[in-house]
Each structure stands twice: as structure tokens, then as C-alpha cells.
Amino acid sequence: MNKKEYFIIFSIIIVSLFSFALLVSNLYSNSEEQDDIELEGIVNYVIDGYTLDINDIRIRLALVDAPERGQDGYKEAREFVKNLCFNKKGEVDIDDGQRRGDRYGREIGVVYCDGINVNKALVENNLTKIYTEYCDISEFKNEKMGYPFL
């Protein structure tokens, strides 16, 4: 074998090892983040940028506040959540500090769609703001800056 063939084989081995390490890392971090999943199923309806249904159970995303219907950014936030979640696997880490739900009867928590933290994705894409009103009672208040998804 010449040097070019050795280089190609070496490159394939390095890429394979890197890919394997990345896969193992992602599997470990996803399982660690989602240890507290209490509800899972298919997202069958998206109401707005912070409310969706998983198996017909209404969920409000914890500690985020997206624009309401008629406000600037409403459609963008709703479409973002819809594209990320609709007809996909949804998982919820219910907020222990808000076990009774909210005044509308919604469960409150951090939502993952196909492994993606939706709360975090909304904040990172500037489609929502941090909703601080319930930080004092939220299970997530002691996590990084009070927000588990930042």
C-alpha cells in the first residue's frame, strides 16, 4: 500500500472513532437530561408558542412566554414549535413546583420533541422571553440561572 491508501484508511478510522464518541456522548447526555420524564407520546396539536398537546394532554412550557395570538411574533413562535414537534415524539419533565398545573388546567414542564429541548430552542431562537413570574416556585429555579434550558 502506498502513502495515499494509508492516509485514506487512517482518515476513515479517525472519522469512525469521532462519530462513535459523539454518538455515545449524545446518548449519555440525552438520557441524563431526560431522567425525569413523566409523560411521553405523540404531539398531536400545537396551540401557540408555549402550549401543545401530547396524547391530548395540554402542556404549557415552563418558564417561557411567547407572544399571544394577534401579537407580533405569534405566528413565528407557533410555526417553530409546530415544525419541531407536531406528529413527533414528545416528552415532558413536569415541574414539581407546579404539580397542580396552571389556572387553565395545563401541565407545566420542560418539553423535548425528538430529543430537542423545546423551551431552550425557543429562547435560543429569540421567539420567547423568560417568564419569571413562577421562578420562585419552579422545580427548575436552582438550576443554571434558574432556567434549565439556558
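Everything below is about the structure printed above this text.
Below: a short report on this structure. (Residues numbered from 1 in each chain as written. Predicted model: local features only at pLDDT ≥ 70, side-chain atom pairs only at ≥ 80, totals over all residues. Heavy atoms only, no water.)

## Re the pairing of strand S3 (residues 57–61)
- Examined bridge by bridge, strand S2 (residues 51–54) and S3 share four bridges and lie antiparallel to one another. Bridge pairing in S3 links Thr-51 to Arg-60.
- Linking S2 back to S3 in an antiparallel pair, the connection comprises two residues, with Asn-55 at a positive phi of about 55°.
- Strand direction decides the pairing type here: S3 and strand S6 (residues 107–113), joined by three bridges, are parallel. The residue bridging Leu-61 from the neighbouring strand is Gly-109, located in S6. (Pairing = 2+ DSSP bridges. Helix = DSSP H or I, 4+ residues; strand = E, 2+ residues; numbered from the N terminus.)

## Some remarks on the nonpolar core
- Among the nonpolar cores identified, the biggest contains 23 residues, and Leu-52, Leu-61, Cys-85, Val-111 and Val-118 are the most heavily contacted of them.
- Those elements giving two or more residues to this core turn out to be strand S1 (39–46), S2, S3, helix H2 (74–85), strand S5 (89–94), S6 and helix H3 (118–124).
- Among residues more than four places away in sequence, those in contact with Cys-85 are Val-43, Leu-52, Cys-113 and Val-118. (Core = buried A, V, L, I, M, F, W, Y, C linked by side-chain atoms within 4.5 Å. Buried < 20%, exposed > 50% of the residue type's maximum accessible area, 1.4 Å probe, protein only. Contact = heavy atoms within 4.5 Å.)

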